[in-house]
Amino acid sequence: MLNIVIFGAPGSGKGTQSERIVAKYGINHISTGDVLRAEIKNNTELGKVAKGYIDQGQLLPDNLIVDMLAAKLDSFEESKGVIFDGFPRTIAQAEALKQMLAARGQSVTVMLDLDVPEEELMERLIKRGQESGRADDNEETIKKRLVVYHSQTAPLIDWYKQEGQYAHIHGSGRLEDITAEICAAIDQK
Ligand code: ADP
């Protein structure tokens, strides 16, 4: 079983690289951001709650996200593994993931930290906002999301280093080169 955490600041390329990893390793993909955007589109109760947080660039409460993730994980049958994209984003979520996997006799194989310089993140997100119209990809919300990333999410780097699951990935440059570095890190585990 491969349980991969793809990690990085907003705009670091988690979604793009996840698609490539899914194609190569045949594992399932859970993007918490995509799940939440689908809930918003379908105007569900969770979607209504999520919209308020996402538009403000804030994280949803851990318990909501953890329950949502557990339900998604249970929906996979005969899975070869999972890539977790956009989760965990807090230490509490990382602890919950560890427990959830342990209850299934599993653990995180590797945490891939896509490292991209801050100026480049900003440029990529503004461009994505112009192309896709994603509501939270505007300059003001991007700035808030980067602050949230540094205060609540970046501490996971040390947490995963302590777990012995951390791998640093150079997240800027050619897409293929980044994918190659990611695959090397996965295959080493
Ligand atoms: P990005 O990595 O570009 O910020 P995502 O699509 O992963 O984009 O997330 C978009 C938004 O969804 C986040 O800013 C946050 O509000 C919410 N969200 C996604 N994943 C989580 C999570 N694990 N915990 C709390 N909130 C989350």
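Relevant structure appears above.
Basis of the calculations
- Residues numbered from 1 in each chain as written.
- Predicted model: local features only at pLDDT ≥ 70, side-chain atom pairs only at ≥ 80, totals over all residues.
- Heavy atoms only, no water.
- Axes fitted to C-alpha atoms, helices over the stretch in contact; angles between N-to-C directions.
- Helix = DSSP H or I, 4+ residues; strand = E, 2+ residues; numbered from the N terminus.
- Parallel < 35°, antiparallel > 145°, perpendicular 65-115°, else oblique.
- Left-handed = near helix turned anticlockwise from the far one by under 90°.
- Contact = heavy atoms within 4.5 Å.
- Nonpolar A, V, L, I, M, F, W, Y, C, P; charged D, E, K, R; others polar.
- Near = heavy atom within 4 Å.
- Polar contact = N/O pair within 3.5 Å; in protein donor to acceptor, adjacent residues only side chain to side chain.
- Areas by Shrake-Rupley, 256 points an atom, 1.4 Å probe, with all protein chains shown as cover.
- Buried < 20%, exposed > 50% of the residue type's maximum accessible area, 1.4 Å probe, protein only.
- Pairing = 2+ DSSP bridges.

Trainee: Let's hear about the packing of helix H1 (residues 14-25) against helix H9 (residues 175-187): which residues, and what values?
Mentor: Relative orientation of the contacting elements H1 and H9 amounts to 55 degrees, with a least axis distance of 10 Å. For the element pair H1 / H9, the angle class is oblique. Between H1 and H9 the crossing geometry is right-handed. Between H1 and H9, the residues in contact are Thr16, Gln17, Arg20, Ile21, Lys24 and Tyr25 and Leu175, Glu176, Ile178, Thr179, Ile182, Cys183, Ile186 and Asp187, respectively. Grouping the amino acids of the contact of H1 with H9 by side-chain chemistry returns seven nonpolar, three polar and four charged.

Trainee: If you had to explain the site of the ligand to someone new, which residues and values would you point to?
Mentor: What surrounds the ligand is a group of 20 residues, the closest being Lys14, Thr32, Arg37, Gln58 and Gly86. Between a nitrogen atom of the ligand and a side-chain N or O atom of glutamine 93, the distance comes to 2.9 Å. The protein chains hide 96% of the 550 Å² of surface that the ligand would expose on its own. With four residues, helix H2 (residues 32-41) is the largest single contributor of residues to the shell around the ligand.

Trainee: A description of the pairing of strand S3 (residues 81-85) should follow, citing residues and the corresponding values.
Mentor: Among the five residues that make up S3, five are buried, leaving the element largely enclosed by the rest of the structure. Where burial is concerned, the two faces of S3 agree: the one with Gly81, Ile83 and Asp85 and the one with Val82 and Phe84 are both buried. Sheet topology places strand S1 (residues 2-8) next to S3; five bridges connect them, and they run parallel. If you follow isoleucine 4 over to S3, its bridge partner there is isoleucine 83. Two strands pair when backbone bridges link them, and strand S2 (residues 28-31) and S3 are joined in this way by four bridges, in the parallel orientation. The residue of S3 that forms the bridge with isoleucine 30 is phenylalanine 84.

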